[in-house]
Structures are given as C-alpha cells and as structure tokens.
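Fold and contact review
What follows is the residue order along each chain.
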Amino acid sequence: MRRLLALRQEQKLTTRHVRLMAESLEVTERTVWRWLAAAERDETAAVEPGARAQSRDRFTVTPEVRRLLALWKGNVAAVHRELTARAARQSPPAAPPPSLPTLHRAIQRDLTPGERAGLAGGERAARKHDVFLARPRGWRNQVWETDHMQAPVLVDVDGRARRPWITWFTDCATNAITGVAVTPGDPSRESVLAALRSAVLREDPYGPFGGLPEKVRIDRGKDFLSRTVTAAFDLLDVTVEDLPAYTPHLKGTVEGLNRAVESMFLAALPGYARQPRPGKRVSRPKDEVLLGFEDFTARLLDWTLWWNTEHRPAPLRGRTPLQAWQDDPTPLRDVPATDLWTFTLEDAGTRTLTTRGIRFRKRDYVGPWMTGQAGIQVRVRFMPHHDHRIEVYHAATGRYLGSADLADQATDEQISAVRRARAARVRRLKKDLEASQRERYAAVNQPKAPQRLGALTTAQAEAELAQSAGTDLSDLALRDLIPPAAPPAEWRTPASLAALTTPGLPAPVPSGRDSASAQPGPDERTAQPTTDEDGDTL
C-alpha cells in the first residue's frame, strides 16, 4: 500500500497497478481504492490495510479485564456484567463500561488465541496453541523415554475388575518399544526394573531390540527416581534426564505411544472404560465378559510385536521400527543377563548366615545351598515387593551363592483367607466411618444458621455414651491411686505440687555429690521445707 501511495504522489499510479494489487491480495479493486484513500488521510493506515482506524478513546483490554477473564473462565458476558456492577457501585458513578460487542472485539484483537485459551482453561489449554520444535533424530539407543500408563480397560484380576498399568521404554530414534511390563495394580519401582530388564536384554524372547542406552528421559515419577532405580541406572552407566514437572511435550515419543496404543488397540478390547454407552449413565453392561489379566498381557505383547515389526510410523518414512533399527550401524552395548539381574535388585546390606538361615525383615529365608555354610557373611539383594524370595551373594567376593525362599510360607488357601478377612475388615471400617461422618442438615430457602437433623431419645444417647465411655484409656486411668513420693529435701518444690505427694514414702536419693550424707538414719526424720508457689523457700 505504501508503494501505491508513493506512485500516486508521483502521479504515476494507474488502474493496472491497482488491479495487480487486488489480485495479489484477493480483494476487489474497489477495496484497494478505499484503502488507498484511507492511507492518504492517515499514513498509519498504510501499515495495516483494512484495519479499523484507531482512535484515542478506543477500548483496550486492561489488567482488570484479564483478571476477570481468568475468574470467569473466559466468559465474556460474565466479565461485562461484573464491569457494569462495579461501575454502578462506585461513588460518584464512573464512566459506563464498554458494550458487550466492543468488549468482544477488544478481547479478540488484544489477546492471542493462546492467551484466551489459557485464561479460560489454564496452562494446559494454552499449550495447545504453542509451537514446539522437533528434536533431530539421532541414532539407536542414544535416548530412551519411559513412562507409566494406566490402561483404560477393565481386566479380571482375581475376580475383581481392575485397570492395569503399563510401563514401557521406547527408543526415540527408531520408535521401537524396547521393553514393557504390565502390573495388575499400582505400579512401583519393581515395574520399572522389570521393564528395564526386558528393554536391555536382546536374547529371546526380548530381542532384537535392546542394549544399554546413553540417556533415559523421565518425568519426575517417584518410581523412576527411587533409590533402587537410580542406583541401577548408575551401575549401568546410563544418564537420567529428569524433565520438569507437567511437561509431556518434552518426551513426545512415549506420550505419542500412550495415545496410539489406546486408539489402535485398547479401544477395541472388551471392558474399554471410555466406550460411549447408550443412555444417560455411563456404566458397564452387566453381561460384559472381561479379559483375564494373562489374556490381556498376551494381547498387549502381540500388539507390541506388531508395532515393532509391521507398523510404519510417519517419522520413519515408510519403514518399520525393526527396519530402522537394523539399518542403523551404531554398535550396541550388551550386558550379561546375570549381571543385569544383579544390578536391578535392591541391596539390603550384609547378614550373617545362621543355622536358621538368613534373617531378613523379621523372617527367615533358607535354601538348599546353605548346608555347611553357617557363620559366613552374605549380602542380600531382592526384588521390591517380592517377599517370597531373596538373592544371596558373598559379602567379601560378591560371588552369587543362590536364592533363598521364605521359610514356613503360608499356603495359597491361607493367604486367600487372610486377604478375604482383610477385605471384609476394610469394608466394615469404611461403612462405619461413612455412617459416623454422614450428617443431615435441614434445607433452607432463607439465610439462617445450619440446622443439624437427627433426633435421639434419652435412652439412646445414654446407651451410646456408655458404649464409648470405656474406649478412652485416659478416662480409665486412676491418677490419685498411688500418689508420687515426696521430692528430696534440697529440691525447691512449689507447695501446690508438694501437697500431692505422699510424705511417708522415702524420697529417691539423687546421684552425685553428698549422696551419702543425704540419707537419714532409721530414727531420723527429714524436715520438709515450706515453699511458696514460685518454688522459693520461706
């Protein structure tokens, strides 16, 4: 537009120039002529053709409007009502707020889409409008990413419907899933160690992906940052990159895998928890048959094999993760399975092997290899939460001696009975707590103090108080049954405390100097000094 304005000032502007400008901007010639006339009146209009002329009294978004937008979650109409109410409460009355259309235009003009989304939905909503850089693809085993994911699928675990957790490692250069572990309940550091072993080993049934990575990215999960896991990474010479919290875009490879497994595999399984249901209530059909945990794990491993060998992700440009892995000539760092097993166990320190075995966590562990070795010092390693077995090494040489199993281990029937009893106790306690905390209040349609409901008769109140009277041990204590003995004569005791003691009982003799002279004879009586309330002798 500035070029057209210069041509007009030089009297060289023709209709052909205006036509070319209109075709390049995809507007009509009349629009270009109108923009040119506006630029002649105001040179600032040539910078942004077609924009409305800015006036000094044009409304702009103020910090107050931004705070109200955040308060009302981006509701512009609610912000306008708030501004109107505030203007009416001021004395003297302030200038009227802008109209609702003016407020809408100002917000659309002065705030970016990311700012509007952030004020309405928070930082996560604003992040959807950001632009992220893509990391350059390196070589295999340069960087791995790991994460926990709770599968949105209900699985039958010992007769109960549970949503299992998946822990996996993925290679950022080839998009290959190097290791995976499935946990029926909440994951722990044991899940991370199991997935790490399957990721590093390249022998059957884990290969051909594996070896030691140079770096692993994690997201500050407490399981990944536990002492056992970090010690295992240190022993394997693997650098751990601890990403800031709430930054899933910094480990996009494994986050993309979490989204892909749901849409490409989990959504078709029975028991999918996010399946749209007919009707108002989102509930699972009663006749739906859930997969067993073993069947679910087998299907997930089959899908993992399909992902690694047949799926062709877009970043690999038509290749499968297996082809990309095999085309990479980067040498691999392998670890023997026995060493890897040792490095991924938690160290429990040294113990003495006795005739009863090895004492660990108030339990005895025995093994057939212990015969004739009582008295030696051993080092105990164990897999977290696997209480039935420990691994034993020689304390001095580090040589692996063997495993030891829990002595006098309960049978499966006994363990099941204990678990049923625990579950019944938890249900009973939960029911009692809910009953004790459930309080009813009267509904009101006028402002008044809350009125608690639930009437009791005198007999009911006395019975409940009598039942709870014997539960507090402090109420059962007889404080004056045995009065304390009188303090020694040289102590400066207030009179109020001296009156609570028993004068006839012998006072304890303080240890130290003059202890011999402080003991009276059999016929002597010690005179008790009179003291005031502050402990001063009168």
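Residues numbered from 1 in each chain as written. Predicted model: local features only at pLDDT ≥ 70, side-chain atom pairs only at ≥ 80, totals over all residues. Heavy atoms only, no water.

This brings us to the sheet that holds strand S9 (residues 346-352). Paired through their backbone hydrogen bonds, the strands of a sheet run either parallel or antiparallel. With respect to topology, six strands assemble into an open sheet ordered S9-S12-S13-S14-S11-S10, the strand pairing being antiparallel. Since the sheet does not close on itself, it has two edges, and those belong to S9 and strand S10 (358-360), each with one partner. This sheet shows a mean twist of 35° between the axes of neighbouring strands, independent of strand direction. Where S10 lies against strand S11 (residues 363-366), three bridges are found, and the strand directions are antiparallel. Bridging across to S11, Phe360 finds its partner in Arg363. (Pairing = 2+ DSSP bridges. Helix = DSSP H or I, 4+ residues; strand = E, 2+ residues; numbered from the N terminus. Axes fitted to C-alpha atoms, helices over the stretch in contact; angles between N-to-C directions.)

By secondary structure assignment, the location of Arg259 is in helix H11 (residues 252-264). When the C-alpha atoms of Arg259 and Met149 are compared, they prove to be 9.8 Å apart, with 110 residues separating the residues in sequence.

For strand S4 (residues 165-171), the buried fraction is high: seven of the seven residues fall into the buried class. Judged by which residues are buried, S4 turns out to be covered on both faces: Trp165, Thr167, Phe169 and Asp171 on one side and Ile166, Trp168 and Thr170 on the other are all buried. Bridging between strand S1 (residues 143-150) and S4 involves seven bridges; their strand directions are antiparallel. Bridge pairing in S4 links Glu145 to Thr170. With six bridges connecting them, S4 and strand S5 (residues 177-183) associate as antiparallel partners. Bridge pairing in S5 places Thr170 opposite Ile177. Count of turn residues in the S4/S5 antiparallel hairpin: five residues, of which Asn175 carries a positive phi of about 60°. (Buried < 20%, exposed > 50% of the residue type's maximum accessible area, 1.4 Å probe, protein only.)

With that out of the way, let us pick up unusual backbone geometry. In this structure, Asn141 is a non-glycine residue whose phi angle is positive, near 65°. Within the secondary structure layout, Asn141 lies in the loop between helix H8 (123-127) and S1. Phi angles above zero are rare outside glycine, and Asn175 is one such case at about 60°. Relative to the elements of secondary structure, Asn175 occurs in the loop between S4 and S5. The buried category is assigned to Asn175, whose relative accessible area is 12%.

The sheet built from three strands is open, its strands ordered S3-S2-S8 with mixed pairing. Each having just a single partner strand, strand S3 (160-162) and strand S8 (291-292) make up the two edges of the open sheet. Pairing geometry for strand S2 (residues 155-157) and S8, over two bridges, is parallel. When the sheet's bridge partners are listed, Asp156 is paired in S8 with Gly292.

Moving on to the nonpolar core. Ranked by internal contacts, the top residues of the largest apolar core, which has 24 residues, are Phe169, Val216, Phe233 and Leu236. Here this core takes six residues from helix H9 (residues 189-200), the largest share from any one element. Once residues lying within four places of it in the same chain are set aside, the contact partners of Phe233 are Phe169, Leu196, Val216, Val238 and Val240. Within the second largest apolar cluster, 23 residues are counted, among which are Val155, Trp168, Val254 and Val261. (Core = buried A, V, L, I, M, F, W, Y, C linked by side-chain atoms within 4.5 Å. Contact = heavy atoms within 4.5 Å.)

Keep in mind that these numbers describe shape and distance, not what the molecule does.
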